[in-house]
Amino acid sequence: MSRSARAGRSRLRTILLGAAATALVGTFLTNLALRSADAAETPLSQGKPATASSAENGGTPASAAVDGDTGTRWSSGFSDPQWLQVDLGSTATITKVVLNWEAAYAKDFTIQTSANGTTWTTVDTTVNGTGGTQTLTVSGSGRYVKLNTTKRATQYGVSLWEFQVFGAAGTNPTPTASSGAGWVNMDQNAWQAQLAAFNALPTHPAPANAVRVSDFNAACTYSHSFKDDPIVFPGLPGASHMHSFLGNRSTNANTTTDTLLNNAASSCSPSGDLSAYWIPTLYERGVAVEPSGVTVYYGSRLPDPSQTKPFPQGFRMIAGDAKLQVPTPAGAPNQFWCAGPGGEIGRSADGNWPICAQTAVLNYQLVFQDCWDGIHLDSPDHKSHVAYTYTGSCGGQFPVAIPNVSFVIAYPTHGSADGFTLSSGLASSIHGDSFLAWDNTAMGQRVKDCVVQKAKCNTDGQF
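Right, let's walk through the structure included here. (Residues numbered from 1 in each chain as written. Predicted model: local features only at pLDDT ≥ 70, side-chain atom pairs only at ≥ 80, totals over all residues. Heavy atoms only, no water.)

### Some words on helix α3 (residues 188–200)
Spelled out, the test is: Secondary structure follows DSSP: runs of H or I at least 4 residues long count as helices, runs of E at least 2 residues long count as strands, and numbering of each begins at the N terminus. Take the number of residues in a helix, subtract one, and multiply by 1.5 Å to get its expected span. Accessibility here uses a 1.4 Å probe with only protein chains present; expressed as a share of the type maximum, an area under 20% marks a residue as buried, one over 50% as exposed, and anything in between as partly exposed. Directions from the helix axis toward the C-beta atoms define the arc.
Between the first and last C-alpha of α3 there are 18 Å, a value that for 13 residues agrees with the 18 Å anticipated at 1.5 Å per step. Within α3, burial applies to Trp 191, Gln 194, Leu 195 and Phe 198. Viewed end-on, α3 has its buried residues packed into an arc of 100°, placing them on one side of the element. Residues of α3 that are exposed and point over 90 degrees away from its buried face: Asn 189 and Ala 200.

### Details of a nonpolar patch on the surface
Keep this limit in mind: Each patch is built from salt-bridge-free residues with over 30% relative accessible area, joining like charges within 9 Å and nonpolar side chains (Val, Leu, Ile, Met, Phe, Trp, Tyr) within 5 Å. Under the convention used here, a 1.4 Å probe and the Shrake-Rupley method define accessible areas, while residue burial counts only the protein chains that appear. Only one rule defines a salt bridge in this text: a Lys or Arg side-chain nitrogen within 4 Å of an Asp or Glu carboxyl oxygen.
Nonpolar side chains collect at one region of the surface, where Val 232, Phe 233 and Leu 236 lie side by side and expose about 220 Å² of accessible area between them. On the secondary structure map, Val 232 appears in the loop between β10 (222–226) and β11 (243–247). We classify Val 232 as partly exposed; its relative accessible area is 34%.

### Regarding the state of the cysteines
To keep it simple, the criterion reads: Only a pair of cysteine sulfur atoms within 2.5 Å qualifies as a disulfide here.
Tallied over the entire structure, the rule returns four disulfides. Between the sulfur atoms of Cys 338 and its disulfide partner Cys 356 the distance amounts to 2.2 Å. Handedness here is read from the sign of the S-S torsion; for Cys 338 and Cys 356, about -80°, the answer is left-handed. Of this pair, Cys 338 sits in strand β18 (residues 337–339) while Cys 356 sits in strand β20 (residues 354–356), and the two are 18 residues apart along the sequence. Both residues of the pair, Cys 338 and Cys 356, count as buried. What pairs with Cys 371 in a disulfide is Cys 394, and their sulfur atoms sit 2.0 Å apart. Disulfide Cys 371-Cys 394: torsion about the S-S bond near -75°, hence left-handed. With Cys 371 in strand β22 (residues 371–372) and Cys 394 in the loop between β24 (386–387) and β25 (400–401), the pair connects residues that are 23 residues apart, well separated along the chain. With respect to class, Cys 371 is no different from Cys 394; both count as buried.

### Observations regarding the environment of Thr 259
For the record, the criterion: Note on contacts: a residue pair is in contact if any heavy atoms of the two residues lie within 4.5 Å.
Summarising the element assignment, Thr 259 is placed in helix α4 (residues 257–261). Owing to a relative accessible area of 27%, Thr 259 belongs among the partly exposed residues under this scheme. Taking C-alpha positions, Thr 259 is 9.7 Å from Ala 437, a pair spaced 178 residues apart along the chain. With residues near it in sequence (within four places) discarded, Thr 259 still touches Ser 250 and Asn 254.

### Let's talk about the environment of Gln 192
Of note, Gln 192 is situated in helix α3. In this structure, the C-alpha to C-alpha distance between Gln 192 and Pro 312, residues 120 residues apart in sequence, is 9.7 Å.

### Remarks on the nonpolar core
Rules: Each nonpolar core is a collection of buried residues, namely Ala, Val, Leu, Ile, Met, Phe, Trp, Tyr and Cys, held together in the definition by side-chain atoms within 4.5 Å.
Within the largest apolar cluster, 48 residues are counted, with the highest numbers of intra-cluster contacts made by Tyr 277, Tyr 298 and Phe 407. Counting only elements with at least two residues in this core, the list comes to α3, β9 (215–220), β13 (276–280), β16 (293–299), β17 (316–320), β21 (361–367), β26 (404–411) and α5 (440–452). Per-element tally for this core: the top contributor is α5, with five residues. Those residues in contact with Tyr 298 that sit more than four places away from it in its chain are Ser 214, Asp 215, Phe 216, Tyr 277, Phe 311, Pro 403, Asn 404, Val 405, Leu 436, Trp 438, Met 443 and Val 451. By size, the runner-up hydrophobic cluster in this structure holds 20 residues, among which are Leu 88, Ala 92, Leu 99 and Val 138.

This is how it looks when you write it as structure tokens:
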């Protein structure tokens with residue numbers, strides 16, 4: 001914001017709020033009113049994830065707009081329209097919404113609810129809202145609640161201090177097996193047997209000097225390349241773009257859980273990991289650059305990882321989007337980076353790739369989903385059976401916490417102004433596939449000792 005804009009906004013606040021003492025009293029009363037309401041009932045939105053349609057401007061992130069603290073705020077920026085959406089975590093009955101706008105920044109707005117985040121129902125429309133604390137009595141239901149603002153009061157934008165949703169929490173239906181194309185239902189008897197064996201495993205106490213981070217890993221090198229993808233195009237050799245495969249050396253278009261378990265040769269250690277992992281091939285000036293090493297980490301982002309379960313045999317999932325083709329200038333999502341002394345020293349001519357110092361190499365980290373529906377080994381888009389946790393726990397349609405898989409990929413190259421390409425296109429199209437086939441005991445013991453117990457382990461599963 002320019003100095004003149006800040007000065008104008010300051011003058012407007014002075015006119016609206018009056019003397020400093022009056023402003024302080026007003027703020028105190030507003031906070032008191034909200035805290036009194038909170039004492040009577042806890043907002044459904046408390047601690048739930050929120051996102052904004054535009055970058056925050058001068059305030060704390062959008063999540064602060066539902067954190068229950070009127071001392072923090074989300075700034076909605078300077079363009080129309082704006083929206084703020086909160087995910088309640090499960091379907092709920094919505095009875096009340098409390099807004100606390102920066103005083104006198106009037107807005108036209110609507111409150112909408114949705115079960116899926118796509119189809120929305122309007123439950124309130126307000127014209128020329130006066131700012132300050134507004135309590136809206138609404139009647140609706142859904143997992144998502146959205147505040148849409150369509151008109152700013154002044155050229156200086158509007159700041160939202162609080163957006164709280166009240167009502168009765170609900171639960172999503174228990175997931176059921178699906179019969180459509182692309183869904184792979186799990187053998188529940190086999191899963192229950194695997195869980196029983198996992199529960200019977202002892203926990204090896206971590207030493208006093210253990211690093212208290214949920215983590216074990218598989219250390220992998222490049223194995224082979226094919227234009228195959230046994231998850232997306234099973235049984236169709238050559239149907240995909242080129243992939244660089246890691247892990248099980250038998251992996252091809254015809255790979256199944258049984259073929260992985262029956263072929264012990266792997267480019268990953270430990271020997272108990274017979275899984276297949278793959279990523280799009282990286283090219284530099286038309287020549288393939290294969291990874292010098294990939295560490296496949298199995299960890300947890302949950303504050304309480306104690307309920308984490310091992311993966312069932314044959315579990316499949318994809319992270320990233322091969323169809324995403326957008327620029328990745330410095331600071332954009334999907335960034336490759338330079339690891340090592342000197343780090344990044346420049347950008348490629350198109351701005352999409354880093355140029356690394358001669359003492360550093362190109363790297364990327366790909367993070368997979370960590371909550372599972374407990375029913376399916378795979379889904380039509382290879383993502384609908386899993387989800388990322390945003391609330392610190394797994395629940396609703398994805399109640400089972402699974403280890404958080406991530407690939408840390410190192411390439412033996414520094415880059416240049418020419419940049420790179422992926423077999424799938426731009427840097428933004430980076431993605432990865434996991435087709436998991438561990439020895440059940442090897443996986444289960446690591447989950448118990450390293451993830452559940454929250455202790456960093458090495459590739460051998462030792463502290």
